[in-house]
Amino acid sequence: MPLHFELVTPAKLVRSEDVHMVVVPGTEGEFGVLEGHAPFMSTIRDGAVQVFRAAGAAPEIIQVRGGFAEVNEKGLTVLAEHVEG
Amino acid sequence: MPSLKELKGRINSVKSTQKITKAKQMVAAAKLRRAQAAAEAGRPYATRLSAVMASLASKVSGSAAPKLLAGTGADQKHLLVVVNTDKGLCGGLNSNLVKAAKAKARELEAQGKSVEFYLVGKKGRAPLRRDYASQITGGFDTSTVRTPGFEEAEVIANELIALFDAGKFDVAHLVYPTFKSALAQDPTVTQLIPVPAPAEAVAADAVVEYEPGEEEILEELLPRYVRTQLFGALLEREASEQGASMTAMDNATRNAGELIQKLTIQYNRSRQAAITTELIEIIAGAEAL
């Protein structure tokens, strides 16, 4: 079962896809989210979101600024104000 | 009775006006499509943000709630944030917005509250200054950028929040046009600050972990929510402006066409009358010989 990952900015829905793992730069430290993660909410600091499409694959790096991440039973949603790349 | 030359001049001038309105209509139609797409692209963020807001706001309540959610406790000083367009040629859009703002201001003043204005966009300034010259506290000029984006919304929101923190107002209302269709754009008045508590209380079924804490997240979320509201208003304004402009220019083009037709008939008639008079003169002259 893959993890459903969504990256949303005010201007558009940047990503909405199924991935293996996402590493999010939380305010209190980076955390990786896999499928079946417990419900969790965190603000994020400016930094890189790493998206692993498959286990062991090279991560895709997306720079985000300002926002927060929410994990619920549907997957991971990252709301960011700015996205680069 | 205008002379033939005068008529011809008028027909030509109406024709060039028609060309301009027609061009403006086509430009608006093209821009409308883009503005509508942008407005739709912004919706997922807004819906997700308000969902998160709803679940958080129901958890944090009472004295722990941040000022942006709970308010200052007073309800005396009101601020009307009026979002107008920068350009004209869009029918009654701006005057409708100003009318809605004035109606809200009168309603608040009737309740004994003090009202101030914060104006976004050029076209609302003059009509509001006429009636409320001393009550306009500030404004934001969006005419310097081509399409106002999130950066502009951010600047406006930060300024408003700073004013709120400084105690300049207790309640802020946002007046902006909602785009329904190219024919209908309704002025809408919503409460911006303090952030209205979401109506539907989400049942907290799962135990959600928060990092840092609920209050801290909510504190960061609220300014973001205000920004999103303003950004949404700017997007709606853009779509409404283009929609209204398209309709207004379509009407103008059609009116110009009708006017040209009328003037052409008048022109042909007077030309015919002139020819007939000339013929009568010739015939009368020939008969007299």
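It should be emphasised that the depicted structure is a prediction, and the values quoted were computed from it without experimental measurement.

Some words on the overall build of chain A
Next up, step 1: Looking only at helices and strands, chain A has 0 helices and 8 strands in total.
Next up, step 2: Shown N-terminal to C-terminal, the secondary structure of chain A runs as helices and strands in the order β-β-β-β-β-β-β-β.
Next up, step 3: Its C-alpha atoms give chain A a radius of gyration of 11 Å, within 12% of the compact-globule value 12 Å for 85 residues.
Next up, step 4: Across the 85 residues of chain A, 51% fall into the buried class.
Next up, step 5: Across chain A, the fraction of contacts at a sequence separation of at least 24, relative to all contacts at a separation of at least 6, is 43%.
Next up, step 6: Accessible area for chain A stands at about 3700 Å²; split by element, carbon and sulfur atoms hold 52% of it.

Some points on the interface of chain A and chain B
Next up, step 1: On the side of chain B, 25 residues touch chain A, which itself brings 24 residues to the contact.
Next up, step 2: Together chain A and chain B conceal approximately 2100 Å² of surface at their shared face, both sides included; 62% is due to carbon and sulfur atoms.
Next up, step 3: Summed over the three residues of chain A that lose the most area to chain B, namely Pro10(A), Met41(A) and Glu81(A), the buried surface amounts to 31% of that side.
Next up, step 4: Scanning the region where chain A abuts chain B turns up 3 salt bridges.
Next up, step 5: For Glu6(A), the salt bridge goes to Arg48(B), with nearest N and O atoms at 2.5 Å.
Next up, step 6: One can count 7 residue pairs in polar contact (both at pLDDT 80 or more) joining chain A with chain B.
Next up, step 7: Looking at the side of chain A that touches chain B, the element that brings in the most residues is strand β8 (residues 75-84) of chain A, giving 5 residues.
Next up, step 8: Residues belonging to the side of chain A that touches chain B are distributed by class as follows: 10 nonpolar, 9 polar and 5 charged.
Next up, step 9: Pairing of strand β5 (residues 40-44) of chain A with strand β6 (residues 209-211) of chain B, which is carried by 3 bridges, proceeds in the parallel orientation. Looking across to β6(B), one finds that Met41(A) is bridged to Tyr210(B).

Describing the confidence of the model for chain B
Next up, step 1: Mean pLDDT over chain B: 88, with 96% of residues reaching 70 or higher.
Next up, step 2: Among the scores for the predicted complex, ipTM is 0.82 and pTM is 0.85.

As for the environment of Pro2(B)
Next up, step 1: Mapping Pro2(B) onto the fold places it in the segment before α1 (4-41).
Next up, step 2: As for Pro2(B) and Ala103(B), which are separated by 101 residues in sequence, their C-alpha atoms are 46 Å apart.

Let's talk about the sheet that holds strand β5 (residues 185-193) of chain B
Residues and elements named next belong to chain B.
Next up, step 1: An order of β3-β2-β1-β4-β5 is seen for the 5 strands of this open sheet, with the pairing classed as mixed. The outermost strands of the open sheet, each flanked by one partner alone, are β3 (136-140) and β5. Pairwise comparison of adjacent strand axes, ignoring direction, gives a mean angle of 25 degrees for this sheet.
Next up, step 2: Both strand β1 (residues 77-83) and strand β4 (residues 171-179) contribute to a ladder of 5 bridges, which runs parallel. Within β4, the position partnered with Val-81 by the bridge is Leu-174.
Next up, step 3: Seen against the sheet, helix α7 (residues 214-288) touches β1, β2 (114-120), β4 and β5 and runs at an angle of roughly 35 degrees to β4.

Some points on the pairing of strand β3 (residues 21-26) of chain A
Residues and elements named next belong to chain A.
Next up, step 1: For β3, the tally of buried residues reaches 5 of 6 residues, placing the bulk of the element in the interior.
Next up, step 2: Here β3 runs beside strand β6 (residues 47-52); their pairing, made up of 3 bridges, is antiparallel. Each bridged residue has a counterpart across the sheet, and for Met-21 the counterpart in β6 is Phe-52.
Next up, step 3: Relative to strand β4 (residues 29-33), β3 is paired through 5 bridges, and the arrangement is antiparallel. Note that in β4 the partner of Val-24 across the bridge is Phe-31.

Points about the packing of aromatic side chains
Next up, step 1: Counting across every chain of the model gives 4 aromatic pairs over all chains.
Next up, step 2: Between Phe31(A) and Phe40(A) the ring centres are 4.9 Å apart and the planes differ by 90 degrees, which places this aromatic pair in the edge-to-face class. Comparing Phe31(A) with Phe40(A), the two get one shared label, buried.
Next up, step 3: Where Phe150(B) meets Phe231(B), the ring centres are 5.2 Å apart and the plane angle is 80 degrees; that geometry is what we call edge-to-face. One end of the pair, Phe150(B), is in helix α6 (residues 150-165); the other, Phe231(B), is in helix α7, with 81 residues separating them in the sequence. Each of the two residues, Phe150(B) as well as Phe231(B), counts as buried.
Next up, step 4: Above the face of the Phe164(B) ring, Lys67(B) is positioned so that its terminal group lies 5.3 Å from the ring centre.

Some thoughts on a positive patch on the surface
Next up, step 1: Residues Lys31(B), Arg34(B), Lys87(B), Lys122(B), Lys123(B) and Arg146(B) make up a contiguous surface patch of positive charge.
Next up, step 2: Inspection of the secondary structure puts Lys123(B) in the loop between β2 and α5 (125-132).

The rules we used
- Residues numbered from 1 in each chain as written.
- Chains lettered and ligands numbered in written order.
- Predicted model: local features only at pLDDT ≥ 70, side-chain atom pairs only at ≥ 80, totals over all residues.
- Heavy atoms only, no water.
- Helix = DSSP H or I, 4+ residues; strand = E, 2+ residues; numbered from the N terminus.
- Rg over C-alpha atoms; globule rule 2.2 N^0.38 Å.
- Buried < 20%, exposed > 50% of the residue type's maximum accessible area, 1.4 Å probe, protein only.
- Contact = heavy atoms within 4.5 Å.
- Areas by Shrake-Rupley, 256 points an atom, 1.4 Å probe, with all protein chains shown as cover.
- Buried area = accessible area lost by both parts, 1.4 Å probe.
- Salt bridge = Lys/Arg side-chain N within 4 Å of Asp/Glu carboxyl O.
- Polar contact = N/O pair within 3.5 Å; in protein donor to acceptor, adjacent residues only side chain to side chain.
- Nonpolar A, V, L, I, M, F, W, Y, C, P; charged D, E, K, R; others polar.
- Pairing = 2+ DSSP bridges.
- pLDDT = per-residue confidence, 0-100.
- Axes fitted to C-alpha atoms, helices over the stretch in contact; angles between N-to-C directions.
- Phe/Tyr/Trp six-rings, centres within 6.5 Å; stacked < 30°, edge-to-face > 60°.
- Lys NZ or Arg CZ within 6 Å of the ring centre and 35° of its normal.
- Patch = residues over 30% accessible without salt bridge, like charges linked within 9 Å, V, L, I, M, F, W, Y side chains within 5 Å.
- Lys, Arg positive; Asp, Glu negative; His and termini not counted.
- Charge placed at Lys NZ, Arg CZ, Asp CG, Glu CD.

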